Amino acid sequence: NICVGIKNNIMESSEVRCGRECVRVAGVRAAVQPLRAVLLALRVPARATLLQPSHLLRARRRAHSQGAPHRRLQLVLPVSARRLQLAGRAPPAPCRLGRLGCIASSVARFTGEERRCINLGSYNYLGFAEPTGPCADAAAEATRRYGLALASSRAELGSCPLHEELEEATARFLGVEAALVCGMGFATNALGLPGLLGPGALVLSDENNHASLILGLRLARVTVRVFRHNDLRHLERLARDAIAERRWTNIVVVVEGVYSMEGSIVPLQGIIALKKRLGLQVYLDEAHSVGALGAHARGVTDHCGVRPADVDVLMGTFTKSFGAAGGYIAGSAKLIKWLRAHGHMHAYAHAMSPAVCMQILAAMRALRTPSGLRRVRTLRDNTHYFRSRLRALGVVAYGHEDSPVVPMLVYTFSNMAAVVERLTARGIATVGVGFPATPLYKARISWSAASTPSRRSSTSSDCATPVSLSDRHAPPRTPVSLSDRHAPPRTPVSLSDRHAPPRTPVSLS
Amino acid sequence: MILVDIYEMMSCWTFLIALQVVIVSTYFLWTRKSKKYKDPLMTDERIEWNPMPLVPYEVENEEPPLMGKIDENVLNVGATSFLCLDKEEVILENAINCLHKYGVGSCGPRGFYGTIDVHLELEERLAKFLEVEETCVYSYGFSTVASAIPAYSKKGDIIFADEAVWFAVQKGIEASRSTVRYFKHNDASDLERLLSEAAQKKELNPKRRAFLVVEAIYFNTGEMCPLKQVVELARRFKLRIILDESLTIGVLGKHGRGITEHLKIPRDEIDLIVGSLEHSFATIGGFCAGTHFIVEHQRLSGLGYCFSASLPPMLTQAAITALDILEQKPDMLKELDENSKKLNKALAELKHFTFRGNELSPVKHIYLKNTDKTDDSTKQSCLRKIANYCMEKGVAFAVAAYLRDVEVNCPEPSIRLASSRKLNDTNISMICNLLDEAYESVVPNNKLQSS
């Protein structure tokens, strides 16, 4: 399942134009540098018709040998396909769409460049989003039987037997009484939370919570206080303060199972203990964890050994592990009835497509069979293997050992762009995540592990690739392109502490 | 001489002041260090803490009817598939082919390799169809307008909106945290009054963006927006228009391009057109259309676009095929218009109901007649009974579902009737007869009692 994806990472790069010369420079700092300064920094003749990676490497080596390494060298991207075309060379083979960007996105456009890549950016953890196989066949069958959409909301005329079956199956899968499904994962939070919480409630929300949770809380008009990421002591302090204020009708802790940008797993046992001690309520968003964690693929409750009934509201999406779309809210029968009456999705949002319903049902059925559970085990093995290889390379990967999201830190924006560009050149599609989503100095590459047998090879071959990336041209101790830090060679830091993932990033200097 | 004097004086004062600074700062540092977190629950005071449960009391849901494929066993006049594209075999086949090419889910947001070539194709095709520069496709109809509004309007901006806008628009406005003024439904003079008041109070000023949010045909009333006057006002007071065309794309106009084509308003007068693929196109999703400059902004700041998985490719392909069909057979629109008009004529003769809805509107609302003293919940349950009765007789009606306590201006309980291409004269007369018959059998003595 190779995807054609937009490369969104060159958005921040800029083109410096001078006559017929065109050098693409990435990064905010470099964007303001005029062409001459860049060329001077590279020490290539200003009349060079084509800037090649070897130019950069040669220039960098020269700079290193003179003891004055020039940071700006890192900012320059390799030659773009368009320039190759200009120089009369054939562009690389398909199938990934390149996008030529400038400083403002309003001038970004597709270059028509295509490249075939291994997709390590999509969240197809268990490989159920495959175009053939039992899931796809079941979905096709459901399409013929029920059509593509019901053109009505669930509360009106949009309910079909598949929806009921799916809700029952979801509840049984998670081990709770009832569930409610919605056609879009983002909307599940944004439309479900306002029905559940009112202005009298206080919400203690993790600082890394997803945008949909934040939007849902805003629409619910609750007071929100933010606690430090996965910091139980801070959470407890805020909760005790809030109880002492005597203003709140109830206090709800809103957390995610696996954080998509950090790759960390919530310390759920601690939160449940705190909940029981202080009388809090817990809303758990399992967007990334359901299906991907635990021996029975039942998400973070399964992984942490918490009874699902102890969590007040279980929310999750079908987009990732189940290879479909939409989301669910599950919990006690009373809660689900309340949500049907007061949540927004049941009355207003159109019903989930029957084909999507069937895909999820088929995936859930598959997860009850040994072969389905094998996928879960393979995912865990792949994740462990991938993390261990990354660690061996000496790069810093955040998150819990078992989390299928593996963010690799590259720190600066320009590093991120350069790494993604190089990986793409080697046929690996990954996502760089930069400033608005992360702190300014913690840009990262977000990998996602997958379990498909065909992916197994891809995952391992990929692990080998960063090694070959630091090939003969690059300075010897550089994993990918973190080369200009002058730190002594570090011992790889294990970030797998189960209960307290580190709050501070491991410093490189 | 003077200099020496000053110097002598200063030396003594300098020493004193320096001493003071040292003492004061030591004191501050000392107190700061000794300040520790005191647990408010560990004082002697007793604190009563009985948190309210998340769900305060048990509620009972009205069981919605279970439907098969649209129109399978009953005549479905509640589903908003106006053009009956859900029946087209071509669409289903193309969607299934696409399913066997890409699988069901897209497994990621648009920026995270969730963009499949069909998404780009649909965006391009929609832009060409609507004759705009660019469109962007969302993965859910509700989230489209609810994300589009807060993408532009922020805290400190001002929004003027019709009071009958549907729930997603209300949520979009709420999420934007802007100041909002609701004007009377379809009343351009009330809008003008509000606008001139705002202009007098200097609420409309160049430092603050002002938006106007209207629907082309209102989902909650079935009325059409007087867009010409509204556009004129918006230009006069320098407002930006966000127009929700969910019900009019594929319905109004010669080619189905919506209200702008129908009223012959140049499309660039409207800043942003928001549409849904869930009605006429009979699939899932929504889109925003406008100039490249405006639409591109959403790709980074539209929450529902940025942070949600993209539309499943098969549903995208279905929308593309629906566009193909719409472009090949624009006559479908005429049939739909005819039916809507016929429906208006027939509904006017109902004995126990009044109705509302423009004659071109594919959505009509049917209300109970002579029920001034009855409260809304009685009306709602009465309508529900009527719908159940009709369901048994083979016609499915949708009782409009509203969350009464959350809606800004909750409409009266009604049955939402969706006109469509498939209706013929016998269907229409049967629908009307059945409604009256149901009323007479459900409501004894033809009198509604307020409970």
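Residues numbered from 1 in each chain as written. Chains lettered and ligands numbered in written order. Predicted model: local features only at pLDDT ≥ 70, side-chain atom pairs only at ≥ 80, totals over all residues. Heavy atoms only, no water.

1. Thoughts on the overall build of chain B
Stage number 1. A tally of regular secondary structure across chain B gives 15 helices and 13 strands.
Stage number 2. Against the globule reference of 22 Å for 451 residues, chain B gives a C-alpha radius of gyration of 30 Å, more extended than a compact globule.
Stage number 3. Along the longest, intermediate and shortest principal axes, the C-alpha atoms of chain B span 115 × 55 × 55 Å.
Stage number 4. Counting every position in chain B, which comprises 451 residues, the buried fraction comes to 57%.
Stage number 5. Counting only carbon and sulfur atoms, one obtains 55% of the accessible surface of chain B, whose full area is about 20,500 Å². (Helix = DSSP H or I, 4+ residues; strand = E, 2+ residues; numbered from the N terminus. Rg over C-alpha atoms; globule rule 2.2 N^0.38 Å. Buried < 20%, exposed > 50% of the residue type's maximum accessible area, 1.4 Å probe, protein only. Areas by Shrake-Rupley, 256 points an atom, 1.4 Å probe, with all protein chains shown as cover.)

2. A few points about the pattern of salt bridges
Residues and elements named next belong to chain B.
Stage number 1. Applying the stated criterion across every chain yields a total of 47 salt bridges over all chains.
Stage number 2. The shortest N-O distance in the salt bridge between Asp271 and Arg235 comes to 3.7 Å. Placement of Asp271 in the loop between helix H9 (259-262) and strand E7 (272-276) and of Arg235 in helix H8 (residues 227-236) is noted, with a sequence separation of 36 residues between them.
Stage number 3. Given the relative accessible area of 35%, Arg235 is considered partly exposed. (Salt bridge = Lys/Arg side-chain N within 4 Å of Asp/Glu carboxyl O.)

3. A closer look at the confidence of the model for chain A
Stage number 1. Looking at chain A as a whole, its pLDDT mean stands at 73, while 67% of the residues score no less than 70.
Stage number 2. Here residues 68-107 of chain A scores under 50 on pLDDT; set against residues more than four positions off or in separate chains, the count is 132 contacts. (pLDDT = per-residue confidence, 0-100. Contact = heavy atoms within 4.5 Å.)

4. Remarks on the environment of Ser377(B)
Stage number 1. By the element assignment, Ser377(B) lies in helix H14 (residues 376-392).
Stage number 2. As a C-alpha pair, Ser377(B) and Pro413(B) span 36 residues in sequence and 8.2 Å in three-dimensional space.

5. Points about the interface of chain A and chain B
Stage number 1. Contacts between the two partners involve 101 residues from chain A, matched on the other side by 98 residues from chain B.
Stage number 2. The interface formed by chain A and chain B holds six salt bridges in total.
Stage number 3. Note that Lys337(A) is salt-bridged to Glu60(B), the shortest N-O span being 3.4 Å.
Stage number 4. There are 23 residue pairs in polar contact (both at pLDDT 80 or more) connecting chain A and chain B.
Stage number 5. By residue number, the principal contributor to the side of chain A that touches chain B is helix H5 (residues 134-146) of chain A, which donates eight residues.
Stage number 6. By residue class, the composition of the side of chain A that touches chain B is 53 nonpolar, 28 polar and 20 charged. (Polar contact = N/O pair within 3.5 Å; in protein donor to acceptor, adjacent residues only side chain to side chain. Nonpolar A, V, L, I, M, F, W, Y, C, P; charged D, E, K, R; others polar.)

6. Quick word on the UniProt feature "domain: Aminotransferase class I/classII large" (unreviewed entry) in chain B
Stage number 1. In the numbering used here, UniProt assigns the "domain: Aminotransferase class I/classII large" (unreviewed entry) feature to residues 85-358 of chain B.
Stage number 2. With 47% helix and 15% strand, the stretch residues 85-358 of chain B has end C-alpha atoms that lie 23 Å from each other. (UniProt positions renumbered as here; feature names shortened; annotations may be inferred.)

7. A look at the packing of helix H9 (residues 232-245) of chain A against helix H10 (residues 268-278) of chain A
Residues and elements named next belong to chain A.
Stage number 1. Contact geometry for H9 and H10: axes closest at 11 Å, N-to-C directions at 20 degrees. Taken together, the axes of H9 and H10 are roughly parallel relative to one another. In the crossing of H9 with H10, the sense of the turn from one axis to the other is right-handed. Together, Leu232, Leu235, Glu236, Ala239, Arg240 and Ile243 of H9 and Gly270, Ile271, Leu274, Arg277 and Leu278 of H10 make up the contact between the two elements.
Stage number 2. For the contact of H9 with H10, the class distribution of residues is seven nonpolar, one polar and three charged. (Axes fitted to C-alpha atoms, helices over the stretch in contact; angles between N-to-C directions. Parallel < 35°, antiparallel > 145°, perpendicular 65-115°, else oblique. Left-handed = near helix turned anticlockwise from the far one by under 90°.)

8. Looking at the pairing of strand E6 (residues 178-182) of chain A
Stage number 1. In terms of burial, E6(A) is largely enclosed, as five of its five residues are buried.
Stage number 2. Side chains Ala178(A), Leu180(A) and Cys182(A) of E6(A) all project onto a buried face; the interleaved residues Ala179(A) and Val181(A) project onto the opposite face, where all are buried too.

9. So, the domain arrangement of chain B
Residues and elements named next belong to chain B.
Stage number 1. Each domain of chain B was delimited in the assignment, giving domain 1 (89-328) and domain 2 (330-450).
Stage number 2. In this structure, domain 1 and domain 2 have C-alpha centres spaced 27 Å apart.
Stage number 3. Taken residue by residue, the interface counts 26 residues in domain 1 and 21 residues in domain 2.
Stage number 4. With both chains or domains summed, domain 1 and domain 2 bury close to 2,000 Å², and 61% of this area falls on carbon and sulfur atoms.
Stage number 5. Along the contact surface separating domain 1 from domain 2 lie one salt bridge.
Stage number 6. The salt bridge partner of Arg356 is Glu223, with a shortest N-O separation of 3.4 Å. (Domains from an automatic or database assignment. Buried area = accessible area lost by both parts, 1.4 Å probe.)

10. Looking at the packing of H5(A) against helix H14 (residues 354-368) of chain A
All names here are of chain A.
Stage number 1. The interhelical angle for the contact between H5 and H14, taken along N-to-C directions, is 145 degrees, at an axis separation of 8 Å. As for the relative orientation of H5 and H14, their crossing is right-handed in sense. Residues Cys135, Ala136, Ala138, Ala139, Ala142, Thr143 and Tyr146 of H5 form the contact with H14, whose participating residues are Pro354, Ala355, Met358, Gln359, Ala362 and Ala363.
Stage number 2. Partitioned by chemical class, the residues of the contact of H5 with H14 number 11 nonpolar, two polar and no charged.

11. Some points on the sheet that holds strand E6 (residues 240-244) of chain B
Residue and element names in this part refer to chain B.
Stage number 1. Pairing in this open sheet of seven strands is mixed, and the strands run E2-E8-E7-E6-E5-E3-E4 from one edge to the other. Lying at the two open borders of the sheet, with one neighbouring strand each, are strand E2 (134-138) and strand E4 (179-183). Within this sheet the neighbouring strands show an average axis-to-axis angle of 20 degrees, counted without direction.
Stage number 2. By the bridge criterion, five bridges tie strand E5 (residues 210-215) to E6 in an arrangement that is parallel. Looking at E6, one finds that Val213 is bridged to Ile242. (Pairing = 2+ DSSP bridges.)

12. Brief notes about helix H5 (residues 141-152) of chain B
Stage number 1. Counting buried positions along H5(B) yields 12 of 12 residues, so the element is predominantly enclosed.
Stage number 2. Among all positions in H5(B), only Gly141(B), Phe142(B), Ser143(B), Thr144(B), Val145(B), Ala146(B), Ser147(B), Ala148(B), Ile149(B), Pro150(B), Ala151(B) and Tyr152(B) are buried.

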